[in-house]
Amino acid sequence: MTTTSEIKGSANGTSKVFEVNDHEQTNYAVQEKEYDRQLNLGYYRQMVAVRRMEEKSAEAYTQGKIGGFMHLYIGQEAVATGVNAALRPTDHLVTHYRDHGYAYGKGCSMAEILAELWGKSTGVSAGRGGSMHLARTKNHFWGGYAIVGGHLPLATGIAHSIKYRDLDEVVVCVMGEGSTNIGMFHESLNIAALWNLPIVYLVENNLFGMGTAVATHSSITEINQKSRAYGFPGDRFDGMDVWTVRDHVKTAIERAREGGGPTLLEAMTYRFRGHSMADAQLYRSKQDIEEWRSTRDPIETFAQKMLKYNIFTAADMEQVTADVEAEAEAAVKFAEESPFPTQESLYEGVFAPDDYVRKA
Ligand SMILES: Cc1ncc(C[n+]2csc(CCOP(=O)(O)OP(=O)(O)O)c2C)c(N)n1
Ligand SMILES: [Mg+2]
């Protein structure tokens, strides 16, 4: 008997329905199943790790161990995980300040990320950036930017440089929906369309910009439609599902890679915590948050789907939880024990001619 599996988004990353012969299951099918298991366990692990890392950070923040602003990504993990699954290592990623999940997926270790939040010299940005300025340029992860919309021209510039140098690379530029009313958003989309640049603009629409609901600040609430003003496609999809995110981003990346130009994607998502660590959340009800948490949690729903389709088991999940816990504990220890940057290193990374810098 041959059964057609409902499983979508497997193996090679494209949505598909594949057939498995129950009696004569070929080696190929067995290998494919194992490949799917590893792939999806990887997604699951990444989401669990990002969440645990942030829970640890929140704890440390309230203990006064982390300074500056910190914006948690809890609830939105499927977006960064899906984006990272769609990127080639040579592709570029630029994002806003809600960047912990992107940094982790683009190759920064949990220990280095936490050390950065702690302001330590072993951190991703040598303790100079903090939560909002994680970057790993050798992996083509350009950060982590605090000015709403400020990174869009940078990302667009990278795309221009790729096209100018005729490279086989693409830029994904991530932002919140609050960025899409900023002048730089429109300037960037215009020039990207005009010059047919290899860039994907991805809006994480979590329904709020700080305490302001989308309908209060945007003339149109279906944000992806803003691309139509510049003559290129936009698309909206479920940002709480890692496969959906990956497949949409992959399609847009391939389009850009083949010379098709920019796309504006809109991942519908929700942050379960406040805008930043200081947020009483008076602009939304506890019931709304609870409703999203209990029915749409990207980690929980993904786990349920994996169990339903028998892609991995409850034992696999327990192993992931244990591994991640060990990783998180070691990362906190590393952050705590690492030294702060030295006074002598104060001027490192300062891009100004020497005589413009007044040293004490
Ligand atoms: C140019 C500018 N204006 C205002 C701010 C203050 N600010 C920080 S985050 C934020 C809200 C942005 O919301 P959104 O783009 O939806 O991203 P989210 O925080 O929801 O991920 C604002 C107004 C800023 N950082 N930069
Ligand atoms: Mg938002």
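## Remarks on the overall build of the protein
Per the secondary structure count, the protein includes 11 helices and 10 strands. Projected onto its principal axes, the C-alpha coordinates of the protein cover approximately 80 × 50 × 45 Å. Across the 360 residues in the protein, those meeting the buried criterion constitute 44%. Within the protein, residue pairs in contact and separated by at least 24 positions form 72% of the contacts whose partners lie at least 6 positions apart.

## What about the sheet that holds strand β9 (residues 234-238)?
Pairing within the open sheet is parallel, and its 6 strands lie in the order β4-β3-β5-β6-β10-β9. Among the strands making up the open sheet, the edge pair consists of β4 (141-145) and β9. The mean inter-strand angle of the sheet, taken between neighbouring strand axes irrespective of direction, is 15°. As defined by bridge partners, strand β5 (residues 171-176) adjoins strand β6 (residues 199-205) across 6 bridges and the pair is classed as parallel. By the bridge assignment, V174 is partnered in β6 with L202.

## Quick notes on the pairing of β6
Within β6, 7 of the 7 residues are buried, which leaves the element mostly enclosed by the surrounding structure. Neither face of β6 is exposed, since I199, Y201, V203 and N205 on one face and V200, L202 and E204 on the opposite face are all buried. Crossover connection from β5 via helix α6 (residues 183-194) to parallel β6: handedness right-handed. One ladder, built from 6 bridges, connects β6 with strand β10 (residues 263-268); its direction is parallel. The partner of Y201 across the bridge, within β10, is L264.

## Digging into the site of ligand 1
Around ligand 1, a shell composed of 14 residues is seen, among which V148, G176, G178, G209 and M210 lie nearest. In the shell around ligand 1, the residues fall into 5 nonpolar, 6 polar and 3 charged.

## Concerning the packing of helix α1 (residues 27-62) against helix α11 (residues 314-337)
Packed helices, taken two at a time, are described by their axes: the angle between them and the distance between them. Direction vectors running N to C along α1 and α11 enclose 40°, while the axes themselves pass 9 Å from each other. As the angle between them shows, α1 and α11 are arranged oblique. Seen along the crossing, α1 lies across α11 with a hand that is right-handed. Taken together, the residues of α11 that come into contact with α1 (itself represented by L41, Y44, R45, V48, A49, R52, M53 and K56) are D316, V320, T321, V324, E325, E327, A328, A331 and V332.

## Digging into the nonpolar core
Ranked by size, the top nonpolar core spans 81 residues in total, and within it L114, V172, C173, I199, V200 and L202 carry the most contacts. Ranked by the residues each element gives to this core, the list is headed by α1, at 8 residues. Among all residues touching I199, those that are not within four sequence positions of it are A155, T156, A159, V170, V171, C173, A192, A256 and P262.

## Here's the deal with the environment of A115
Looking at where A115 falls in the secondary structure, it is placed in helix α4 (residues 110-117). Residue classification places A115 among the buried residues on the basis of 26 C-beta atoms within 10 Å. On a C-alpha basis, the gap between A115 and E336 in space is 7.4 Å, while along the polypeptide they are 221 residues apart. Once residues lying within four places of it in the same chain are set aside, the contact partners of A115 are K120, T122, G123, F334, A335 and S338.

## Looking at α11
With 24 residues, α11 extends 35 Å from end C-alpha to end C-alpha; this agrees with the ideal 34 Å at 1.5 Å per step. Packed against the buried residues of α11 are α1 and α4.

## Things to note about unusual backbone geometry
The backbone phi angle of D166 is positive, close to 60°, even though this residue is not glycine. By the element assignment, D166 lies in the loop between α5 (152-164) and β5. Backbone geometry at N310 places phi at a positive 60°, although glycine is not the residue there. Here N310 lies in the loop between α10 (298-308) and α11.

## So, the confidence of the model for the protein
Looking at the protein, the pLDDT average stands at 92 and 92% of residues meet or exceed 70. In this model residues 1-21 is a low-confidence stretch, pLDDT under 50, and it forms 35 contacts with partners more than four residues away in sequence or in other chains.

## Considering the packing of α1 against helix α2 (residues 77-86)
Between α1 and α2, whose axes approach to 9 Å, the crossing angle comes to 135°. Considered as vectors, α1 and α2 are oriented oblique to each other. Here α1 and α2 pass one another in a crossing that is right-handed. On the side of α1, the interface is formed by Y43, Q46, M47, V50 and R51, while α2 contributes E77, A78, A80, T81 and A85. For the contact of α1 with α2, the residue count by class is 6 nonpolar, 2 polar and 2 charged.

## Focus: the environment of I74
Turning to its location among the elements, I74 is positioned in the loop between α1 and α2. For I74, a count of 20 C-beta atoms within 10 Å puts it in the buried group. Separated by 200 residues in sequence, I74 and G274 have C-alpha atoms that sit 9.5 Å apart. Non-local contacts of I74, meaning those with residues more than four positions away in its chain, are made with R51, E54, R271, F272 and R273.

Each value, and the rule that gives it
Residues numbered from 1 in each chain as written. Chains lettered and ligands numbered in written order. Predicted model: local features only at pLDDT ≥ 70, side-chain atom pairs only at ≥ 80, totals over all residues. Helix = DSSP H or I, 4+ residues; strand = E, 2+ residues; numbered from the N terminus. Buried ≥ 20, exposed ≤ 12 C-beta atoms within 10 Å, placed from the backbone. Contact = placed C-beta atoms within 7 Å. Pairing = 2+ DSSP bridges. Axes fitted to C-alpha atoms, helices over the stretch in contact; angles between N-to-C directions. Right-handed = clockwise from strand over helix to strand, strands pointing away. Near = placed C-beta within 6 Å. Nonpolar A, V, L, I, M, F, W, Y, C, P; charged D, E, K, R; others polar. Parallel < 35°, antiparallel > 145°, perpendicular 65-115°, else oblique. Left-handed = near helix turned anticlockwise from the far one by under 90°. Core = buried A, V, L, I, M, F, W, Y, C linked by C-beta atoms within 7 Å. Expected span 1.5 Å × (residues − 1). pLDDT = per-residue confidence, 0-100.

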